[in-house]
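Working through the structure, step by step
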Amino acid sequence: MSTRRQDAGAVDGDRRPEWARSAVYVDGRWRETAGGRILEVENPATETMIGAAADAGAEDAEAAISAAGAAFPSWSAMPLPERLAVLERVRTGLERRRDLLLETIVAEIGAPVRVAREAHVDPGLAVLRAYLDAAESLAWEERVGNSLVLREGIGVAACITPWNYPFYQVLAKIGGALVAGATVVLKPAELTPLSAYLITDAIDEAGVPAGVFNLIPGPGRVVGEALAGHPAVDAISFTGSTLVGARVAALAAASIKRVSLELGGKSASVILPGTDLEPAVHASVEAAMLNSGQTCTAWTRLLVPRTDLEAATQLAAARAGALVVGDPTQPETDLGPVVSPAQRHTVTGFIERAVADGARIVTGGTERPAGLTRGHYVWPTVVTDVAPDAEIVQEEVFGPVLTIQPYDSIEEAVALANATPYGLAGAVWGPDQEAALAIARRLRTGQVDVNGGAFNPAAPFGGYGRSGNGRELGRWGIEEFLETKALQL
Ligand code: NAD
């Protein structure tokens with residue numbers, strides 16, 4: 001148990017003026033909510049309130065949908081180069097705010113500053129860049145026999161986002177929607193609305209026409225449901241838990257709107273026989289623990305040949321134990337807190353039940369990391385001796401918890417990798433790239449990194465099975481917000 005830790009140094013009352021918000025952004029202007037309420041925002045590392053956001057209601061949702069509907073005809077008819085020029089101004093406005101965005105992500109979700117840069121802000125900016133590039137090559141019009149096939153914006157798109165990557169998730173949706181010519185109503189997660197305000201500032205400053213983009217932070221049960229069920233919303237793009245995704249889809253069904261769901265995951269990292277263990281195990285541990293395990297694509301299950309089980313377990317325990325847990329403002333920190341007390345309770349509950357089920361904890365556990373007197377911290381935890389049908393193997397924990405399972409044949413490795421209801425991401429490691437690729441082809445999942453293949457902001461992202469439907473990013477993320485029309489000539 002050699003996990004290094006350090007106490008969060010941020011001081012009480014550490015607030016920035018940009019984090020004190022109470023308005024919604026509707027029809028191109030800031031206005032107070034109909035109910036006049038605000039949501040307070042906590043820094044999960046210091047447990048102090050650092051900001052506030054509007055706590056909008058159904059009336060605000062109604063106003064935003066109406067504004068988005070009114071703005072749609074001219075935004076969708078705007079020549080593509082003009083639309084892209086407006087969005088390029090948004091992108092440069094966000095780049096100008098990069099330092100503030102980093103500070104905000106560190107404060108509102110507790111991501112360590114390095115993680116905020118490498119996994120939140122820079123990938124978010126890259127995704128927007130990739131949308132603008134993909135727009136240039138998309139087949140907006142094509143001839144098929146005697147038909148002219150047109151692609152045009154779908155109408156009003158409601159985007160509902162989670163707290164785990166609050167900046168990136170918003171751009172993954174609104175980037176595709178706005179490029180497509182759709183107009184947007186955004187409802188960010190209650191716990192992390194501050195970065196969405198900064199995005200809105202950049203949109204406002206860039207001169208995006210009134211009503212094209214609207215921001216209404218508020219509770220999922222109220223604002224989210226109002227959007228999902230509203231007949232004047234043409235598409236709903238939701239990222240969040242599988243349970244809530246199913247609720248959103250059910251509400252949307254009555255008005256036959258397009259529904260894109262990006263949901264939970266339980267992804268496997270498969271290490272093939274003969275692999276150089278150390279780099280593969282280390283990368284798998286780091287991917288499982290990234291963002292304190294609050295990553296939908298986290299490789300939370302490590303599958304290794306039985307003959308490598310002991311060595312892989314020791315390597316994983318050593319790597320997890322060496323991660324620096326603590327103050328997210330410090331450059332050497334690897335893991336910050338989880339986002340809330342409720343999330344900490346959920347994660348430690350999974351660990352407790354796994355132990356009661358017979359699992360063995362090789363590092364980490366449910367105790368608060370020693371020396372950290374405040375903040376919702378969880379130790380990076382590695383668990384073995386788990387049955388394939390154990391809850392800890394089957395269910396998304398959304399915390400820094402990795403399970404390790406042995407397999408006896410390649411067939412069993414593939415079967416275990418595919419043996420959850422989810423299918424969002426995964427990894428294959430092997431000494432032979434072609435053999436690893438052949439295994440990657442057999443995984444029922446939306447993304448597989450082969451021998452450490454890097455994130456590609458232009459490649460499609462989305463899930464199989466209960467991980468969702470639809471695809472974000474690049475050309476695919478624009479197509480989610482397009483209708484297709486055939487003119488016979
Ligand atoms: P969540 O489902 O609780 O909330 C997501 C969003 O939905 C929030 O904005 C919330 O306010 C809203 N919401 C809640 N109840 C609603 C309702 N009844 N109707 C409409 N909207 C409602 O999820 P979370 O806890 O914020 O995020 C964590 C989950 O998100 C995890 O399961 C994670 O795997 C998933 N996730 C998936 C992806 C992906 O791309 N597949 C990415 C990130 C997170």
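These numbers come from a predicted model, not from an experiment.

About the cut-offs
Residues numbered from 1 in each chain as written. Predicted model: local features only at pLDDT ≥ 70, side-chain atom pairs only at ≥ 80, totals over all residues. Heavy atoms only, no water. Near = heavy atom within 4 Å. Polar contact = N/O pair within 3.5 Å; in protein donor to acceptor, adjacent residues only side chain to side chain. Areas by Shrake-Rupley, 256 points an atom, 1.4 Å probe, with all protein chains shown as cover. Helix = DSSP H or I, 4+ residues; strand = E, 2+ residues; numbered from the N terminus. Nonpolar A, V, L, I, M, F, W, Y, C, P; charged D, E, K, R; others polar. Salt bridge = Lys/Arg side-chain N within 4 Å of Asp/Glu carboxyl O. Domains from an automatic or database assignment. Contact = heavy atoms within 4.5 Å. Buried area = accessible area lost by both parts, 1.4 Å probe. Pairing = 2+ DSSP bridges. Axes fitted to C-alpha atoms, helices over the stretch in contact; angles between N-to-C directions. Left-handed = near helix turned anticlockwise from the far one by under 90°. Phe/Tyr/Trp six-rings, centres within 6.5 Å; stacked < 30°, edge-to-face > 60°. Buried < 20%, exposed > 50% of the residue type's maximum accessible area, 1.4 Å probe, protein only. Lys NZ or Arg CZ within 6 Å of the ring centre and 35° of its normal. 1 Å grid on protein atoms, 1.4 Å probe; cavity = no way out; pocket = protein on both sides within 12 Å on 5 of 7 lines; lining within 4 Å. Points joined across faces, edges and corners; volume = space filled by probe spheres on them.

1. What about the site of the ligand?
The environment of the ligand is formed by 28 residues, the closest being Glu190, Glu225, Ser241, Leu263 and Glu396. Glutamate 396 places a polar side-chain atom, nitrogen or oxygen, 2.6 Å from an oxygen atom of the ligand. Notes on the ligand: free accessible area 840 Å², of which the protein chains cover 90%. Among the elements of the structure, helix 7 (220-229), strand 11 (235-239) and helix 8 (242-253) are those that each provide at least two residues to the shell around the ligand. Within the shell around the ligand, the residues separate by chemical class into 13 nonpolar, nine polar and six charged.

2. Examining unusual backbone geometry
Backbone geometry places asparagine 291, a non-glycine residue, at a positive phi of 60°. If you trace the backbone, asparagine 291 turns up in the loop between helix 9 (277-289) and strand 14 (299-305). Unlike most non-glycine residues, asparagine 451 shows phi in positive territory, near 45°. Its place among the elements puts asparagine 451 in the loop between strand 20 (449-450) and strand 21 (468-469).

3. What to know about the pattern of salt bridges
Taken as a whole, this structure holds 25 salt bridges when the rule is applied. Put simply, arginine 91 and glutamate 95 hold a salt bridge, and the shortest N to O gap is 3.0 Å. Of this pair, arginine 91 and glutamate 95 both sit in helix 2 (residues 80-96), separated by four residues, roughly a single helical turn. The salt bridge partner of arginine 114 is aspartate 334, with a shortest N-O separation of 2.7 Å. Linking arginine 114 in helix 4 (residues 113-137) with aspartate 334 in the loop between strand 15 (324-326) and helix 11 (341-356), this pair joins segments that are 220 residues apart in sequence. Members of the salt-bridge network, linked through shared partners, are Glu88, Arg91, Glu95, Arg129 and Asp133.

4. Structural notes on the domain arrangement of the protein chain
The accessible area lost on association of the parts is a frequent measure of interface size. Domains assigned within the protein chain are domain 1 (5-263 + 468-488) and domain 2 (267-460). The distance between the C-alpha centroids of domain 1 and domain 2 comes to 29 Å. Each partner contributes residues to the interface: domain 1 has 40 residues there, and domain 2 has 44 residues. For the pairing of domain 1 and domain 2, the buried interface totals around 3300 Å² over both sides, and the portion due to carbon and sulfur atoms is 56%. Between the two partners, domain 1 and domain 2, sit one salt bridge. Taken together, domain 1 and domain 2 are joined by nine residue pairs in polar contact (both at pLDDT 80 or more). Only strand 1 (4-6), helix 3 (98-109), helix 4 and helix 15 (474-479) provide two or more residues apiece to the side of domain 1 that touches domain 2.

5. What to know about the sheet that holds strand 13 (residues 267-271)
Read from one edge of the open sheet, seven strands run 16-17-18-14-13-19-20, paired in mixed fashion. The open sheet is flanked by strand 16 (360-363) and strand 20, the only strands paired with a single partner. For strand 17 (residues 381-384) and strand 18 (residues 401-407), the ladder comprises three bridges, and the chain directions are parallel. Along strand 18, the bridge assignment pairs valine 383 with threonine 403.

6. Some remarks on the packing of helix 1 (residues 58-77) against helix 7
Interhelical geometry of helix 1 versus helix 7 gives an angle of 35° and a closest axis separation of 8 Å. The crossing of helix 1 and helix 7 is right-handed. Touching Ala58, Ala61 and Ile65 of helix 1 are Val222, Val223, Ala226 and Leu227, all from helix 7. Residues that form the contact of helix 1 with helix 7 fall into these classes: seven nonpolar, no polar and no charged.

7. With respect to the packing of aromatic side chains
This structure, assessed with the given rule, holds five aromatic pairs. Taken together, a centroid distance of 5.4 Å and an interplanar angle of 70° make the contact between tryptophan 163 and phenylalanine 398 edge-to-face. With tryptophan 163 in the loop between strand 8 (156-160) and helix 5 (166-180) and phenylalanine 398 in the loop between helix 12 (391-394) and strand 18, this residue pair connects regions lying 235 residues apart in the sequence. With respect to burial, tryptophan 163 and phenylalanine 398 carry one shared label: buried. For the ring pair tryptophan 299 and tryptophan 429, a centre distance of 6.2 Å and an interplane angle of 80° mean the geometry is edge-to-face. Here tryptophan 299, found in strand 14, pairs with tryptophan 429, found in strand 19 (residues 426-429); they are 130 residues apart in sequence, far enough to count as distant. Note on accessibility: tryptophan 299 and tryptophan 429 belong to one class, buried. By the ring-pair criterion, three or more aromatic residues cluster together here, those being Tyr25, Trp30 and Tyr197. A cation over a ring is seen here: arginine 353 above phenylalanine 350, with NZ or CZ 5.0 Å from the ring centre.

8. A short note on empty space enclosed by the protein
Considering all chains together, one arrives at three cavities of 30 Å³ or more under this definition. Each pocket or cavity is described by its volume, and for the largest cavity that value is around 90 Å³. What lines the largest cavity is a set of 15 residues, and nearest its centre among them are Ala268, Arg301, Ala417, Ala425 and Thr445. There is about 60 Å³ of room inside the second largest cavity.

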